[in-house]
Amino acid sequence: QVQLAESGGGSVQAGGSLRLSCAASGSIFPINSMGWYRQAPGLQRALVASMTTGGTIKYDDSVKGRFTISRDNAKNTVYLQMNSLKAEDTAVYSCNLYMISKNYWGPGTQVAVSS
């Protein structure tokens, strides 16, 4: 009923930038929040950044000052601008939509940062 289409992943050298996009479609009711999580090999999936419809933003400490989350509510789309990328940012990044007390997930897009 809800689909999340992700784009923007890829390979980049340390210090470079990438911009992730996630567009939600399907049965969309008022969205509480949208955001991005990531999971590196052997590690648990963890929050990168999220934004509520009201504009409240949360970043993981490891990306503060480097990543910026933004959202186009009319298009049900969330973005993640990633600057000054580090090798430690290498992971599969997944879009998250929280709506009516339920979480929806995109398929994941690979981000690989080489040093």
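Okay, so let's go over this structure. (Residues numbered from 1 in each chain as written. Predicted model: local features only at pLDDT ≥ 70, side-chain atom pairs only at ≥ 80, totals over all residues. Heavy atoms only, no water.)

Turning next to the side chain of serine 33. With respect to the secondary-structure elements, serine 33 resides in strand β4 (residues 33–39). Setting aside residues up to four positions removed in sequence, serine 33 forms contacts with Met51, Thr52, Arg71, Asn96, Leu97 and Tyr98. (Helix = DSSP H or I, 4+ residues; strand = E, 2+ residues; numbered from the N terminus. Contact = heavy atoms within 4.5 Å.)

This part takes up the nonpolar core. Core analysis: the largest hydrophobic core is formed by 29 residues, its most contacted members being Trp36, Leu80, Met82 and Tyr93. Mapped by element, the contributors of at least two residues to this core are β1 (2–7), β3 (18–26), β4, β5 (46–52), β7 (67–72), β8 (77–82), β9 (91–99) and β11 (109–114). Here this core gets five residues from one element, more than from any other, and that element is β9. (Core = buried A, V, L, I, M, F, W, Y, C linked by side-chain atoms within 4.5 Å. Buried < 20%, exposed > 50% of the residue type's maximum accessible area, 1.4 Å probe, protein only.)

Turning our attention to the pattern of salt bridges. Enumeration over the complete set of coordinates arrives at three salt bridges. Among the salt bridges present, the one from arginine 38 reaches aspartate 89, with a minimum N-O distance of 2.9 Å. A residue pair is termed long-range when its members are at least 10 positions apart, and arginine 38 in strand β4 and aspartate 89 in the loop between β8 and β9 qualify at 51 residues. The same class applies to arginine 38 and to aspartate 89, which are both buried. When salt bridges with common partners are traced through the structure, they connect Arg38, Arg66 and Asp89 into a single cluster. (Salt bridge = Lys/Arg side-chain N within 4 Å of Asp/Glu carboxyl O.)

Attention now moves to the environment of glutamine 44. Among the secondary structure elements, glutamine 44 is positioned in the loop between β4 and β5. Residue classification places glutamine 44 among the exposed residues on the basis of a relative accessible area of 68%. For the pair glutamine 44 and arginine 71, spaced 27 residues apart in sequence, the C-alpha separation works out to 25 Å. Leaving out residues up to four positions away in the same chain, glutamine 44 has contacts with Arg38 and Gln39.

To continue, consider the sheet that holds β1. Spatially, four strands are ordered β1-β3-β8-β7 in an open sheet, and the strand pairing comes out antiparallel. In the strand order of this sheet, the two ends are held by β1 and β7, each with one partner. Across the sheet, the axes of successive neighbouring strands diverge by a mean angle of 15°, strand direction being ignored. Of the strand pairs in this sheet, β3 and β8 are connected by six bridges, and their pairing is antiparallel. Each bridged residue has a counterpart across the sheet, and for leucine 20 the counterpart in β8 is leucine 80. (Pairing = 2+ DSSP bridges. Axes fitted to C-alpha atoms, helices over the stretch in contact; angles between N-to-C directions.)

What follows deals with the state of the cysteines. As enumerated under the stated definition, the model contains one disulfide in all. At a sulfur-sulfur separation of 2.0 Å, the disulfide partner of cysteine 22 is cysteine 95. Here the disulfide of cysteine 22 and cysteine 95 is left-handed, its torsion about the S-S bond being about -85°. Note that cysteine 22 is positioned in strand β3 and cysteine 95 in strand β9, a separation of 73 residues in sequence. (Disulfide = S-S within 2.5 Å.)

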